[in-house]
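The residues making up each chain are set out below.
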Amino acid sequence: ITGDELLMSPTFAATDKPVVYEDDCWNRRPFTSRQTCTYGSKSAQTKVALIGNSHAGHWQPALAQIAKARDWQITTYLVSECWTGDLPQIFEAPADTQTCREWVRWAVDETAKGDFDLVVSSNRTWRKIRDVAEQDQVAHATRAYSEVLDTWVRAGKQVVVIRDVPNMTQNVPDCVEQEGKGLDACLFPR
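Caption draft 1: The side chain of Gln73, seen in detail. With respect to the helices, strands and loops of the structure, Gln73 is situated in strand S4 (residues 72-79). In terms of polar contacts, Gln73 uses its side chain to reach the backbone carbonyl oxygen of Ser41, at 3.0 Å. Once you skip the residues sitting within four places of it in the chain, Gln73 turns out to touch Thr38, Tyr39, Gly40, Ser41, Lys42, Ala44, Thr46, Lys47 and Val48.

Caption draft 2: View of the state of the cysteines. Counting across every chain of the model gives 3 disulfides. Here Cys82 pairs with Cys100 through a disulfide, and the sulfurs are 1.9 Å apart. When the S-S torsion is 85°, as for the bridge of Cys82 with Cys100, the disulfide is right-handed. Of this pair, Cys82 sits in the loop between S4 and helix H5 (94-113) while Cys100 sits in helix H5; the two residues are 18 residues apart in sequence, bridging distant segments of the chain. For Cys82, a relative accessible area of 0% corresponds to the buried category.

Scoring rules and cut-offs
- Residues numbered from 1 in each chain as written.
- Predicted model: local features only at pLDDT ≥ 70, side-chain atom pairs only at ≥ 80, totals over all residues.
- Heavy atoms only, no water.
- Helix = DSSP H or I, 4+ residues; strand = E, 2+ residues; numbered from the N terminus.
- Polar contact = N/O pair within 3.5 Å; in protein donor to acceptor, adjacent residues only side chain to side chain.
- Contact = heavy atoms within 4.5 Å.
- Disulfide = S-S within 2.5 Å.
- Buried < 20%, exposed > 50% of the residue type's maximum accessible area, 1.4 Å probe, protein only.

Shown next, in the form of structure tokens:
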């Protein structure tokens, strides 16, 4: 937004998604698929793994530009909802809790053992952990994610973690479209 002008129509934002959606690079519930996608040169000297949920997937376009400029190859390990922590995340269907955990174990193992120079990870960690008190959720999630990072480091990988973007309290494109130039209604406290 520059002044009172929008750079693009808010309705465009709803369909403005990275190529990983069109290419069906997602592993979805019940988390039994092991879908990956690879972008970039087959002869690339530097190989990158992008791992996480949709909040990792939205970084693919930026990484693709870097990869193109530097002749890198990127392989995606993307999953919907489930975040990269080896712990029981709560889903409506109890079986999804277990298969999410199995998917995480598979993806972490694949990226640790794979021929990757760099592992890039980002996640929205909104799913609660089963059998963990509310006040202990962050500590358990932090420990689980640290263990994943340690796995990659012990495997000799360079690791980049991209902190998640702030969670908006409402659908921003819908709010902007509805409010027009009165965007104050779409703000929220830090």
